[in-house]
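The chain contents come next:
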Amino acid sequence: MGKLITLLLITVFSYAGSLAQKPGNVLERDSTIKADTSQMLDLIDIGKRFLHIKPGSPRIGNGRGIYFSVLPFSTTVPGGGTAIITSTTAGFYLGDRKDTYMSKITFTPYWNFKQRFGLPIRSYIWLNQNKWVISGDTRLLVYPQHTWGLGRQHKQEEKLLLNYSYLRFYQTALRRLFRGAFAGIGYHLDYRLNVRTDDNGTLLRDYTAYAYGTSAFSNSYSSGLSLDVLFDTRNNSINPWDGYYASVQYRINPSFLGNDHAWKSLYLDIRKYIRFNPYAHRQNMLAVWGYLWAVLDKKVPYLDLPSIGWEDYNRSGRGFDQNRYRGRNLIYLEAEYRRDITHNGFLGFVVFTNANSVSGPKSTFLISWNPAVGAGLRIKMNKRSATNIGLNFARSMHHSTFNLALGEVF
């Protein structure tokens, strides 16, 4: 595994370095590749027509407005019941849009009226002229989660319900090194309180046969620092039209920060957006995504092990339950074709496929794969920030999911 990780790191850094030198991928050119929104139609336009609100005159300036999108909906939750969710996305510029990418903040609170709630706030901020990129992820959750142990240890119907409260605080700051490339540091806190199973007599330690972070009614605490490298030429992370994204994060959780056992992890994320007609202002593209997530020590808390659907933004694994596969090593691959249906960009569709491989009992890393396929509809919520409402249906071998969200999955 160590040799594989080393080879992947060398490949990523060499690839990012070569891209940075190509004229078609420099910051100044990528930041001007934007859709022409003047002829597009979104739900805001429809609302104005319905309320007979005349559109204002086009504003001339550097485009430093804030573009909000709000989507309330309900969904079922683990353990039974329904939660009310309000997803809010804000896109904005902290510099002239000619040389500064769009920043975003997402806030998705949910509540099921039975002392189960979540307050997640995520941010991806580009400072003036892209000199710094600052990302944040803060969550306070009181919510049940199902788990299936490690690898393919248990069947789909043999899931175990966990209850705990969860505090997450992630912050990273990266400085621009050269065109599209950044490096920096971060701090990461994962604190889970009173981890316990549902009242069926099954203990998490017995169910998983894993010794760390599985004691009944215990707390799981992980506090660490990270070294981060980023290559990003997407001018809009809410809905990328083209560009590259590659990031490497090496996280260290030392004993002096309060961890019961020192441990380290590596997260490698690569994305590519390929437009088939770079001169048209309509969506017609292929997006490709892959990530590798691995822990490099043995004594890692169970809930901090790599798990499907627990990467940043919790978007991976369409067609699978969150947490369905967990292990010391996880690799994930996804490809999605995106295309507009209407000429004004109001409606679009996607088709996608994904697969993951995880290490653990009954699952051999890079040998045992878990595939899924799906399709979705896109409705333009806000053309200024290119924010879509996404409705996705996906199916794997033993499970299907329906997802409603703001913004693209990746």
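This is a predicted model, so every value here is computed, not measured.

With that out of the way, let us pick up the overall build of the protein chain. A count of helices and strands for the protein chain gives 4 helices and 17 strands. Among the 410 residues that make up the protein chain, the fraction classed as buried is 53%. Across the protein chain, the fraction of contacts at a sequence separation of at least 24, relative to all contacts at a separation of at least 6, is 61%. Approximately 19000 Å² of the protein chain is accessible, and the part contributed by carbon and sulfur atoms is 61%.

Within the structure shown, the criterion is met by 15 salt bridges. For R139, the salt bridge identified is with D137, shortest N-O distance 2.8 Å. In this structure, the salt-bridge partner of D190 is R168, at a minimum N-O distance of 3.6 Å. A residue pair is termed long-range when its members are at least 10 positions apart, and D190 in strand 8 (residues 181–197) and R168 in strand 7 (residues 160–178) qualify at 22 residues.

Examined against the element boundaries, L161 turns out to sit in strand 7. Considering only alpha carbons, one finds L161 and N200, 39 residues apart in sequence, at a separation of 9.4 Å.

What follows is about the packing of aromatic side chains. If you walk through the whole model with that rule in mind, you get 19 aromatic pairs. With centroids separated by 6.3 Å and ring planes inclined at 35 degrees, the aromatic side chains of Y273 and F410 adopt a geometry described as tilted. Here Y273 is found in strand 11 (residues 263–275), whereas its partner F410 is found in the segment after strand 17 (400–406), with 137 residues between them in sequence. Note on accessibility: Y273 and F410 belong to one class, buried. In textbook terms, an aromatic cluster arises when at least three aromatic residues are bridged by ring pairs, as seen for Y267, Y273, W289, Y291, W293, Y332 and F410. Over the aromatic face of Y166 sits the side chain of R192, whose NZ or CZ is 4.4 Å from the ring centroid. The ring centre of Y325 lies 4.7 Å from the NZ or CZ of R324, which sits over that ring.

A few words on the pairing of strand 17. The sheet contact formed by strand 16 (residues 387–396) and strand 17 spans 7 bridges and is antiparallel. Pairing of G390 across the sheet is with A405, part of strand 17. Connecting strand 16 to the antiparallel partner strand 17 that follows it, the hairpin turn spans 3 residues.

Our focus in this paragraph is the nonpolar core. Judged by nonpolar contacts, the single largest core of 48 residues is most densely connected at Y164, Y291, Y302 and L305. Considering every element that reaches this core, the biggest residue donor is strand 12 (residues 284–295), with 6 residues. For L305, the residues in contact, after removing those within four places along its chain, are L150, Y210, W293, V295, V300, R326 and G327. Counting 8 residues, the second largest nonpolar core, distinct from the first, contains Y124, W126, L174 and L230.

It is worth spelling out the environment of F393 at this point. Checked against the element boundaries, F393 lands in strand 16. Under the relative-accessibility criterion, F393 is labelled partly exposed at 44%. C-alpha separation for the pair F393 and V373, spaced 20 residues apart in sequence, amounts to 8.6 Å. What F393 contacts, discounting residues up to four positions off in sequence, is F352, V373, G374, A375, S400 and T401.

Another point: the environment of L189. As for its position among the elements, L189 is in strand 8. When its relative accessible area of 13% is taken as the criterion, L189 is described as buried. In this structure, the C-alpha to C-alpha distance between L189 and Y221, residues 32 residues apart in sequence, is 7.7 Å. Apart from the residues within four sequence positions on either side, L189 is in contact with L167, R168, F169, Y170, Y221, S222 and S223.

Procedures and definitions
Residues numbered from 1 in each chain as written. Predicted model: local features only at pLDDT ≥ 70, side-chain atom pairs only at ≥ 80, totals over all residues. Heavy atoms only, no water. Helix = DSSP H or I, 4+ residues; strand = E, 2+ residues; numbered from the N terminus. Buried < 20%, exposed > 50% of the residue type's maximum accessible area, 1.4 Å probe, protein only. Contact = heavy atoms within 4.5 Å. Areas by Shrake-Rupley, 256 points an atom, 1.4 Å probe, with all protein chains shown as cover. Salt bridge = Lys/Arg side-chain N within 4 Å of Asp/Glu carboxyl O. Phe/Tyr/Trp six-rings, centres within 6.5 Å; stacked < 30°, edge-to-face > 60°. Lys NZ or Arg CZ within 6 Å of the ring centre and 35° of its normal. Pairing = 2+ DSSP bridges. Core = buried A, V, L, I, M, F, W, Y, C linked by side-chain atoms within 4.5 Å.

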